[in-house]
Structure formats: C-alpha cells, structure tokens
Amino acid sequence: MVIDYMLKTALKMIKTIEDHGFQAYIVGGFVRDYLLGIPSNDVDIATSATPKDLKHLFQDACLSNDDYGSITVIFKNIHFEITTFRKELSYKDNRRPDQIIYIDNLKEDLKRRDFTVNTICMDQKGNIVDLLGGCEDLQKKIIRSVSDPFVLLEEDVLRILRAVRFATTLQFELDDTLKEVIKAKKYLLSRLSLNRKKEELDKIFSSPFAMRGIALLKELGLDKELSLIKIYQVKPCSQVIGIWAMLEVDDIYPFTRNEKTLMEEIRQVLDSPLSFSNLYHYGLYPCVVAAEIKDIDKKKVNEAYLALPIHRRKDLAITTKELLNYLEVKAGPFLKPLYQELEELVLTRQVKNEKELLLEKGKELFGKLERDDNK
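Reference entry: report on the structure contained in this document. (Residues numbered from 1 in each chain as written. Predicted model: local features only at pLDDT ≥ 70, side-chain atom pairs only at ≥ 80, totals over all residues. Heavy atoms only, no water.)

Quick look at the overall build of the protein chain now. In terms of regular secondary structure, the protein chain is built from 18 helices and 11 strands. Whereas a compact globule of 375 residues would reach a radius of gyration of roughly 21 Å, the protein chain reaches 29 Å, over 25% beyond that. Considering only C-alpha atoms, the protein chain reaches an extent of 90 × 45 × 35 Å along its principal axes. Residues counted as buried form 47% of the 375 residues belonging to the protein chain. Total accessible area computed for the protein chain in this model is approximately 19500 Å², and 48% of it derives from carbon and sulfur atoms. (Helix = DSSP H or I, 4+ residues; strand = E, 2+ residues; numbered from the N terminus. Rg over C-alpha atoms; globule rule 2.2 N^0.38 Å. Buried < 20%, exposed > 50% of the residue type's maximum accessible area, 1.4 Å probe, protein only. Areas by Shrake-Rupley, 256 points an atom, 1.4 Å probe, with all protein chains shown as cover.)

Applying the stated criterion across every chain yields a total of 29 salt bridges. With a closest N to O distance of 3.2 Å, Glu173 and Arg212 form a salt bridge. One end of the pair, Glu173, is in strand β11 (residues 173-174); the other, Arg212, is in helix α10 (residues 210-219), and 39 residues separate them in sequence. Classification of Glu173 as partly exposed rests on a relative accessible area of 43%. Among the salt bridges present, the one from Arg196 reaches Glu199, with a minimum N-O distance of 3.0 Å. With Arg196 and Glu199 both in helix α9 (residues 194-205) and 3 residues apart, the pair spans about one turn of that helix. One salt-bridge network, held together by shared partners, links Arg86, Glu88, Asp109, Arg112 and Arg113. (Salt bridge = Lys/Arg side-chain N within 4 Å of Asp/Glu carboxyl O.)

Looking now at the packing of aromatic side chains. As enumerated under the stated definition, the model contains 5 aromatic pairs in all. Aromatic side chains Phe205 and Trp244 sit 5.1 Å apart centroid to centroid with 75 degrees between the ring planes, which places their arrangement in the edge-to-face category. One end of the pair, Phe205, is in helix α9; the other, Trp244, is in helix α11 (residues 240-247), with 39 residues separating them in the sequence. Across this residue pair, the class does not change: Phe205 and Trp244 are buried. Ring centres of Trp244 and Tyr253 lie 5.3 Å apart, and the angle between their planes is 50 degrees; this geometry places the pair in the tilted category. Just as Trp244 is buried, Tyr253 falls in that class too. An aromatic cluster of three or more residues is present, and its members are Phe205, Trp244, Tyr253 and Phe255. (Phe/Tyr/Trp six-rings, centres within 6.5 Å; stacked < 30°, edge-to-face > 60°.)

Another aspect to go through is the packing of helix α7 (residues 158-169) against α10. Interaxial distance between α7 and α10 falls to 8 Å at its minimum, and their mutual angle equals 140 degrees. Between α7 and α10, the crossing angle belongs to the class labelled oblique. Here the hand of the crossing between α7 and α10 comes out right-handed. Between α7 and α10, the contacting residues are Leu161, Val164, Ala167 and Thr168 on the first element and Ala210, Arg212, Gly213, Leu216 and Leu217 on the second. Residue classes in the contact of α7 with α10 are distributed as 6 nonpolar, 2 polar and 1 charged. (Axes fitted to C-alpha atoms, helices over the stretch in contact; angles between N-to-C directions. Parallel < 35°, antiparallel > 145°, perpendicular 65-115°, else oblique. Left-handed = near helix turned anticlockwise from the far one by under 90°. Contact = heavy atoms within 4.5 Å. Nonpolar A, V, L, I, M, F, W, Y, C, P; charged D, E, K, R; others polar.)

Let us look at the environment of Glu180. Note that Glu180 resides in helix α8 (residues 176-185). Considered as a pair, Glu180 and Pro149 are 31 residues apart in the sequence and their alpha carbons are 9.4 Å apart.

In terms of burial, strand β4 (residues 70-75) is largely enclosed, as 5 of its 6 residues are buried. In this structure, β4 lies alongside strand β5 (residues 78-84), joined through 6 bridges in antiparallel fashion. Across the sheet, Thr72 pairs through a bridge with Glu81, a residue of β5. Linking β4 to β5, which pair antiparallel, is a turn of 2 residues; within it Lys76 sits at a positive phi near 55 degrees. (Pairing = 2+ DSSP bridges.)

Bringing the nonpolar core into the picture now. In terms of nonpolar packing, the biggest core is built from 104 residues, with Ile26, Ile143, Phe205, Leu217, Leu228 and Trp244 touching the most fellow members. Those residues in contact with Leu217 that sit more than four places away from it in its chain are Leu161, Val164, Leu201, Phe205, Leu222, Asp223, Leu226, Leu228 and Ile231. In this structure, Tyr25, Leu110, Cys121 and Val146 belong to the second largest nonpolar core, which totals 11 residues. (Core = buried A, V, L, I, M, F, W, Y, C linked by side-chain atoms within 4.5 Å.)

All right, on to unusual backbone geometry then. Non-glycine residue Asp295 carries a positive phi angle of around 60 degrees. For Asp295, the location among the structural elements is in the loop between α14 (284-293) and α15 (298-306). Of note in this structure, Arg349 is not a glycine but carries a positive phi near 60 degrees. Along the chain, the position of Arg349 falls in the loop between α17 (335-347) and α18 (355-374).

Topologically, Ile204 is positioned in helix α9. Measuring from C-alpha to C-alpha, the distance between Ile204 and Leu217 comes to 10.0 Å, with 13 residues separating the pair along the chain. Residue contacts for Ile204: discarding those within four places in its chain leaves Leu161, Val164, Arg165, Thr168, Ala210 and Gly213.

Right under this line is the structure:
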C-alpha cells in the first residue's frame, strides 16, 4: 500500500537525520490520519537540525521558506516538508510570524501549532509520541486548541477555517471554548485573503461531509464574514463546483474562467437537467451536477444523454461542404441559423439524422430564410 511505503520511507528519512546527531519526528496530519486509518499523502517532519544542516545531509534539498525554517527534500521519490524546531516570537497581520528562533525542544515546537490532534508525533521506530494530549482528543473526536484560543486565532486567523475544515473532514466536534472564541473573533476573517479563504472552503466543500461543514459555517455565523450570503439555499452536492454555483459568488472569489463558465452552465440547466436541449447544448457534466442538486437520479441523466440522436454538430450526417454544394450557394451568415434549425429538428426527432433527409430539409429551411429576408 502507498501509505505503508510512505511511512517506511519517512522512518528511513528520520533515521538518516538522527544518525547525524539530530532529533527528528513525523508530525501532524500524517500521524493523525495514520491513527485514524485515513490515507494521507503529505508527510511533515520536525527536527532539531537547521535548514543549513539539512542541506548538508540532502544535496537535493530545496529551501521552501527560509524565513520560517522549512525545507523540502525528495527522498526515495517522495517529497518531504522538513521544519526545524522553532519558537514564533510575534505575529504580523494576524497571519504570519514576524520572527522565529530555532530551538532544540520538541515540546516547545509543538506548543506553537494549532490543534492538539495535529501535534501527535512518531519517532524513527514507529512509536507514538504524544506530549500535548492529542491522542485523547483523537479518541474523543474533539478539535481543541493547543494554547489559549484567543491568542491562537489572533496570531493566525486562517486557523478559524482550519478548525471548521478538520471538524468537517474528520467528523469531529469543536471544543466548546474554541467554538465560542471563533464566534467572537470571526471579524478577523476580513483580514484574510480571498485566495486563502477559497483554498480552505474548497477543502470543506469537496469533503464527503460538506453539508456538515456548511452547517458549522452557519452555526458559527461565518457566512457573512465569508460573503456566503446564499449559503442557506445550498443543497447537498458531491461536486465542489456545484456548491459554489449555488452560492453565486463568482464575482467575489478568485475563480478561473473555466470555473465561472461551468458554474453559469450549472445554473442555466438547473430547472431542467433532463431536457434534451440542455443536455446537447451544455453537455453531460453540468446537467449531472444540476440533477444532483435537484435530487434527480444521475442514472436518468446519463440515459437521457446517451439517447440523444446527436451530441455535437459534427455528429450531423452532412458536412458544410455537402450542404453548400446541394444549395448551390457560397457560405454566408445564413449558415448558423440554418444549422441551429437542423440540430433542433434532429434532437426533437422530427427529422432523422440521414444525409438525404437533412439536405432536403436544409433546402426547405434555406428557402424560408431567403423569403423572410426579402420581406
């Protein structure tokens, strides 16, 4: 299994560091998920070795963030984020530490982290090292702050959304004190960039338990702070783009052009995702997402799509050259409405998708267009 390979490789990485006289531990999300039996792709390592030491140990080490003592190492084809034990002296803009100092104490390093379930460590022999009660909170299924939550959220406001995300994806409860402090400090979210907000919301909305996260956002009163005014209209949807489409914040959050187009298409077909016209003009995916929002069986949408006589203009049994030759005319602006008429007739099964029939119908429609233009 991938997770076993990653764990074995991470333990070898730790041994390599410790063989050179430093402390090293797997820490954070990988250990938490390992104990919960959840697959995880990210392995973070905390060590007493400084970035300078690590660059001597690993020639392909890449400095991830010199200011914060992080370094990326590729070891046996796996990317590891390695961070030196550190203490953060102060924070700026409710987001990043102003200054850090390297230390040689694991417990002090763990104290600067966010939630207890993210402080559980593993040593090079695979033993669990739990210095701050993370395992107990893991058993209780509680997200609890490592330190005073007032200070914790003031230091880094992103932790508000991280708390909601972990409670959502792990199906944990927020500690009562943490929950109340989030409500009191939610105004700080205005200082967080839209990009960072969207990154966390994407993770919440893409979770199998997205509706739990949405309920938590509403309970904590974060909808207004996050400009999610239409959150009360959101219905269950397994596709993150479908949830964003219902929220209608295209002009607020940073979406790509393709995402904006897709959200608009989902909204366009929402009233009738089984319509042959919608299936043809917008494609299968927007209709499937819309159907899920409307609680329509996806199988019906797939069957309706497969039953379409054509799925794109190229599926018509005639080419533009054949049509023009038959009409004995040159290409002109009449072609677009003519093709639209032919597509609609084939889709509604008024005309079979056969060359001779389409040529005859094309001639008839062309004559009508000419008469209309001469009126």
